[in-house]
Amino acid sequence: MTTVTEPAATLPAIPVMVPWMGEEEATAAAEAVRSGWVAQGPRVRAFEEEFARRVGAAEAVAVSNCTTGLHLALHLLGIGPGDEVVVPSFSFIATANSARYVGATPVFADVDPATGNVTAASIEAVLTERTRAVIVVHQGGMPAETRPIYDLLTPRGIAVVEDAACAIGTTVYGEPVGASADVAVFSFHPRKIVTTGEGGMLTTNRPELATRARRLREHGMSVSAAERHATGSVAPEQYLEPGFNFRMTDVQAAIGRVQLGRLDAMVARRRELAARYRELLAPLPGLRMVEDPAWGESNFQSCWVLLPEDFPIGRDELLVRFTEAGISPRRGIMAAHLEPACADLPQVSLPVTERLTADSLILPLYHQMTDADQDRVVAVFREVMGR
Ligand SMILES: *Cc1c(COP(=O)(O)O)cnc(C)c1O
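Computed from a predicted structure; not experimentally measured.

Caption draft 1: View of the overall build of the chain. Within the chain, the regular secondary structure consists of 12 helices and 14 strands. For the chain, the C-alpha radius of gyration of 22 Å lies close to 21 Å, the compact-globule estimate for 387 residues. Overall size of the chain, expressed as C-alpha extent along the three principal axes, is 75 × 65 × 40 Å. When each of the 387 residues of the chain is scored for burial, the buried share is 54%. The long-range share in the chain, meaning contacts at least 24 apart out of those at least 6 apart in sequence, stands at 73%. On the chain, the mean spot of the 35 positive side-chain charges and the mean spot of the 47 negative ones are 2 Å from each other.

Laid out in structure tokens, this is it:
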């Protein structure tokens, strides 16, 4: 008999994120398949209603992902060529790209070093007479301080889109992100919290925007395919304006409905793990972990740590040390303005963004993570710091 022996003492890998899903999601997806209706249909509608209720927004419109949702949001608000859209560079590149999709120019604002979010002051510094919209990102789930931002922009007729890709379950001024937003867009990518594989949700408190968003995500059709099917109507649909195919499928929505039911447990666990990281890292001098601001509570979608200037090794070398220990943190949140994709835009200097992106890393944090897993992460810091 031959036996295959695994190398001894190989500890399981610790990834940066693992989605939390189980048999319930598998069963829900199978039910959608068995029903014979897999494209956008009744499950998408039910998911939208449940999502709007959870977030506290008047309307929710499911889309294929957050990137298409941001594109749709800017299109709905009439942003186009010649317009400037202020965005943080300190964000996933989709935020800046969405301005380009409508023919507008992204203009980068710097961020607050504590939260990684744009502020009324950093936005005001880059406003011009061509600014028509601002995308405010709740970066990594940290709530942006939105009140002073709306106070600055609303009187000037500048639209606000909240990029809440990472922020489902985050609260701002005591209510969920999205509850008071004109337009917010969420992501259901597995690297976020609630996942449908790919997927997104646009929420709004302006019903006329929701009606048009529903039409635009489905080719500009006067009656949705699902509606026509349900009513048995034979009247041909009309195409009222040039639209898109940004639909979510019913298979995804079936999974999303189960995931949404897990949200409170997921956020509670993430906050617990973040609090434990804070305790464990506190004795290590100079490390600064992102924390709740005064105006809200994060879901800790990205729990990042900023290294002090005098850290013994560089951030990238630290990432290698983690990899050697079977742990996969991520480099800090990217800075879009430093990427080749943005080389055609006016070159800007964003000192806070540049420091945060160069010297931070995102710690592994997922629902199923154990205390022992966390201890392994912290042990690498201790070892490198000789503590
Ligand atoms: C992930 C992310 C997006 C894009 O979301 P997708 O659903 O993958 O399209 C947009 N903005 C931010 C801030 C993100 O983190």
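Caption draft 2: Region of the structure containing the site of the ligand. Taken together, 14 residues surround the ligand, and among them C66, T67, D163, S187 and K192 come closest. Side-chain polar atom of N65 to an oxygen atom of the ligand: 3.4 Å apart, as the coordinates give it. D163 places a polar side-chain atom, nitrogen or oxygen, 2.8 Å from a nitrogen atom of the ligand. If the ligand stood free it would expose 380 Å²; the protein chains cover 91% of that surface. Mapped onto the shell around the ligand, the elements with two or more residues apiece are α3 (66-76) and α4 (94-101). Classifying every residue of the shell around the ligand gives six nonpolar, six polar and two charged.

Caption draft 3: Summary view of the packing of α3 against α4. Relative orientation of the contacting elements α3 and α4 amounts to 40°, with a least axis distance of 9 Å. In terms of orientation, α3 and α4 fall into the oblique class. Taken as a pair, α3 and α4 cross one another with a handedness that is right-handed. Seen from α3, the contacting residues are T67, L70, H71 and L74; seen from α4, they are A94, T95, S98, A99 and Y101. The residue makeup of the contact of α3 with α4, split by class, is five nonpolar, four polar and no charged.

Caption draft 4: Here's a closer look at the sheet that holds strand β11 (residues 296-297). With antiparallel pairing, three strands are arranged side by side in an open sheet as β7-β6-β11. The open sheet is flanked by β7 (175-176) and β11, the only strands paired with a single partner. Across two bridges, strand β6 (residues 171-172) lies against β11 in antiparallel orientation. Of the residues in β11, the one forming a bridge with V172 is G296.

Caption draft 5: Just the pattern of salt bridges, in detail. Tallied over the full model, the rule gives 26 salt bridges. With a closest N to O distance of 3.0 Å, E24 and R262 form a salt bridge. One end of the pair, E24, is in helix α1 (residues 23-35); the other, R262, is in helix α9 (residues 250-281), and 238 residues separate them in sequence. A salt bridge links R214 to E59; its shortest N-O distance comes to 3.3 Å. You can see R214 sitting in helix α7 (residues 207-216) and its partner E59 sitting in strand β1 (residues 59-63), a full 155 residues away along the chain.

Caption draft 6: Quick look at α4. Among the eight residues that make up α4, six are buried, leaving the element largely enclosed by the rest of the structure. Taken together, the buried positions of α4 are A94, T95, A96, N97, S98 and A99. Along its buried surface, α4 packs onto α3, β2 (84-88), β3 (105-109), β4 (131-137) and β5 (159-163).

Caption draft 7: Fine view of the packing of aromatic side chains. Per the stated rule, a full pass over the model turns up seven aromatic pairs. Centre to centre, the rings of F51 and F188 are 5.6 Å apart; their planes meet at 75°, and the pair counts as edge-to-face. Of this pair, F51 sits in helix α2 (residues 42-55) while F188 is found in the loop between β8 (183-187) and β9 (200-204), placing the two residues 137 residues apart along the sequence. Note on F188: relative accessible area 0%, which makes it buried. A ring pair is formed by F90 and W304, whose centres lie 6.4 Å apart and whose planes are at 80°; its orientation type is edge-to-face. With a gap of 214 residues between them, F90 in the loop between β2 and α4 and W304 in strand β12 (residues 303-306) connect regions that are remote in the sequence. For the pair F90 and W304, a shared accessibility class is recorded, and that class is buried. Within the aromatic cluster, the residues linked to one another by ring pairs are F47, F51, F186 and F188.

Caption draft 8: Local environment of the domain arrangement of the chain. Taken domain by domain, the chain consists of domain 1 (8-19 + 263-385) and domain 2 (23-260). Measuring from the centre of the C-alpha atoms in domain 1 to the corresponding centre in domain 2 gives 26 Å. Counting residues at the interface gives 40 residues for domain 1, matched by 41 residues for domain 2. For the pair domain 1 and domain 2, the summed buried area comes to about 3500 Å², and 62% of that belongs to carbon and sulfur atoms. When the buried area of domain 1 at its contact with domain 2 is split by residue, L263, W295 and Q301 rank highest and sum to 24% of it. Connecting domain 1 to domain 2 are two salt bridges. The closest approach of N and O atoms between D264 and R54, which form a salt bridge, is 2.8 Å. Applying the counting criterion to the domain 1 and domain 2 interface returns 22 residue pairs in polar contact (both at pLDDT 80 or more). Broken down by secondary-structure element, the contributors of at least two residues to the side of domain 1 that touches domain 2 are α9, β11 and α11 (351-359). Taken together, the residues of the side of domain 1 that touches domain 2 break down into 24 nonpolar, eight polar and eight charged.

Scoring rules and cut-offs
- Residues numbered from 1 in each chain as written.
- Predicted model: local features only at pLDDT ≥ 70, side-chain atom pairs only at ≥ 80, totals over all residues.
- Heavy atoms only, no water.
- Helix = DSSP H or I, 4+ residues; strand = E, 2+ residues; numbered from the N terminus.
- Rg over C-alpha atoms; globule rule 2.2 N^0.38 Å.
- Buried < 20%, exposed > 50% of the residue type's maximum accessible area, 1.4 Å probe, protein only.
- Contact = heavy atoms within 4.5 Å.
- Lys, Arg positive; Asp, Glu negative; His and termini not counted.
- Charge placed at Lys NZ, Arg CZ, Asp CG, Glu CD.
- Near = heavy atom within 4 Å.
- Polar contact = N/O pair within 3.5 Å; in protein donor to acceptor, adjacent residues only side chain to side chain.
- Areas by Shrake-Rupley, 256 points an atom, 1.4 Å probe, with all protein chains shown as cover.
- Nonpolar A, V, L, I, M, F, W, Y, C, P; charged D, E, K, R; others polar.
- Axes fitted to C-alpha atoms, helices over the stretch in contact; angles between N-to-C directions.
- Parallel < 35°, antiparallel > 145°, perpendicular 65-115°, else oblique.
- Left-handed = near helix turned anticlockwise from the far one by under 90°.
- Pairing = 2+ DSSP bridges.
- Salt bridge = Lys/Arg side-chain N within 4 Å of Asp/Glu carboxyl O.
- Phe/Tyr/Trp six-rings, centres within 6.5 Å; stacked < 30°, edge-to-face > 60°.
- Domains from an automatic or database assignment.
- Buried area = accessible area lost by both parts, 1.4 Å probe.

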